[in-house]
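# Coordinates in review
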Amino acid sequence: MIIDGRKIAQDLRADIATQVALLGRKPGLAVILVGDDPASSVYVRNKGDACKEAGFYAEKINKSSDITQAELLAEVERLNNDDRVDGILVQLPLPKHLDASQVIEAIDPTKDVDGFHSENIGKLMQNKPFLRPCTPKGVMTLLATIGVGLVGKNCVVVGSSNIVGRPMAMEFLNARATVTICNSKTQDLPRKLKQADIIVVAVGIPKMIQGEWIKQGAVVIDVGINRLDGGSLIGDVDFESAKEVASCITPVPGGVGPMTIATLLENTLIAYRVREEK
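All values reported here derive from a predicted model rather than from experimental measurement.

Within this structure's numbering, the places UniProt gives as "domain: Tetrahydrofolate dehydrogenase/cyclohydrolase catalytic" (unreviewed entry) are residues 3-114. Within the segment residues 3-114, helix and strand shares are 46% and 16% respectively, and the terminal C-alpha atoms sit 24 Å apart.

Spatially, the 5 strands line up as an open sheet ordered β5-β4-β6-β7-β10, and their pairing is parallel. The sheet terminates laterally at β5 (178-182) and β10 (248-249), the two strands that pair on one side only. The pairing of strand β4 (residues 154-158) with β5 spans 5 bridges and is classified as parallel. The residue of β5 that forms the bridge with N154 is T178.

A separate point is the UniProt feature "domain: Tetrahydrofolate dehydrogenase/cyclohydrolase NAD(P)-binding" (unreviewed entry) in the chain. Per the UniProt record, "domain: Tetrahydrofolate dehydrogenase/cyclohydrolase NAD(P)-binding" (unreviewed entry) is annotated on residues 133-273. Split by type, residues 133-273 is 35% helix and 17% strand. Its first and last C-alpha atoms lie 18 Å apart.

In this section: the nonpolar core. Core analysis: the biggest nonpolar cluster contains 48 residues, and I16, L143, L150, F172, I198 and I221 have the highest contact counts within it. Sort the elements by how many residues they give to this core and helix α10 (residues 256-277) lands first, with 9 residues. When residues of this core are sorted by domain, at least three fall in each of domain 1 (25-110) and domain 2 (134-257). Excluding anything up to four places from it in sequence, I198 contacts L143, V148, G149, L150, K153, N154, C155, V156, F172 and V219. In this structure, V158, M208, W213 and A242 belong to the second largest nonpolar core, which totals 19 residues.

Another aspect to go through is the sheet that holds strand β2 (residues 57-63). Strand order in this open sheet of 3 strands is β2-β1-β3, and the pairing throughout is parallel. Each edge of the open sheet carries a strand with a single partner, namely β2 and β3 (87-90). Put simply, the sheet's adjacent strands are angled 15° from each other on average, direction ignored. Where strand β1 (residues 28-34) and β2 come together, 7 bridges link them in parallel fashion. Considered in β2, the bridge of V34 is made with K63. Across the face of the sheet, helix α2 (residues 38-54) comes into contact with β1, β2 and β3 while running at roughly 170° to β1.

Time to look at the packing of helix α6 (residues 134-145) against helix α7 (residues 165-174). One way to put it is that α6 packs onto α7 with a least axis distance of 9 Å and a crossing angle of 40°. The orientation of α6 relative to α7 falls into the category oblique. Seen along the crossing, α6 lies across α7 with a hand that is right-handed. Note on element contacts: α7 touches α6 through P167, M168, E171 and F172, opposite P136, K137, V139, M140 and L143.

Moving on to the domain arrangement of the chain. Where interface size is quoted, it is often the accessible area lost as the parts come together. The assigned domain composition of the chain is domain 1 (25-110) and domain 2 (134-257). Placing a centre on the C-alpha atoms of domain 1 and another on those of domain 2 gives a separation of 28 Å.

Rules used throughout
- Residues numbered from 1 in each chain as written.
- Predicted model: local features only at pLDDT ≥ 70, side-chain atom pairs only at ≥ 80, totals over all residues.
- Heavy atoms only, no water.
- UniProt positions renumbered as here; feature names shortened; annotations may be inferred.
- Helix = DSSP H or I, 4+ residues; strand = E, 2+ residues; numbered from the N terminus.
- Pairing = 2+ DSSP bridges.
- Core = buried A, V, L, I, M, F, W, Y, C linked by side-chain atoms within 4.5 Å.
- Buried < 20%, exposed > 50% of the residue type's maximum accessible area, 1.4 Å probe, protein only.
- Domains from an automatic or database assignment.
- Contact = heavy atoms within 4.5 Å.
- Axes fitted to C-alpha atoms, helices over the stretch in contact; angles between N-to-C directions.
- Parallel < 35°, antiparallel > 145°, perpendicular 65-115°, else oblique.
- Left-handed = near helix turned anticlockwise from the far one by under 90°.

Set out below in structure tokens:
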């Protein structure tokens, strides 16, 4: 089965819009875009469109690529104190002269809808999650929606980034799965993948994972997005060979990507409700 991430994300966004329509104040999301990177600009535009569709208050803040660290931190602090804003997102990557870690740590943890602040990552590690990183959380929603049980299953995560790999492993651990974390340099990776019931790949290497490495009937989640010279997008998994052995697999595009944006809205609504309860 090819997992239709667009349809699952659409259903989640529709449910969020229904909830928002019943609220007195609109949930607010502020997105800071530094510079004019084309890919980042597209991501920010898509997030803004999703916010408007769901009935959110959306604020897009464009800053020049030569902004200083102090100026960017001041902008984050302004948003921390803005009562219209429930969620703050700083679009990554930032220009090289800026310290992304310091910027993320400056965001109020209760407004950290990307889920990257060390306080929110720490809560996920302790199985007391609050605002969870969007892509791993979106993967968990995909798996739950298609009825994939995780208790006791062998899950292999290929990639160990702070954005996907590490929090994905924590999500699986919290679901009582058995987790193996690999990377592009892991020795005998095919043998490890052959033992996996669920595989999540996020390494940024086009078609790295081959179908012959995958156990018959495994679930394959491809987080990778790689743009080829011709402009087309492919994942980190060789889709054509993998779909012949996988029981379920996400396509690229149309798999995990739409879930990340839908989960961002979900996190913003969670942040909104927490602030309204104070």
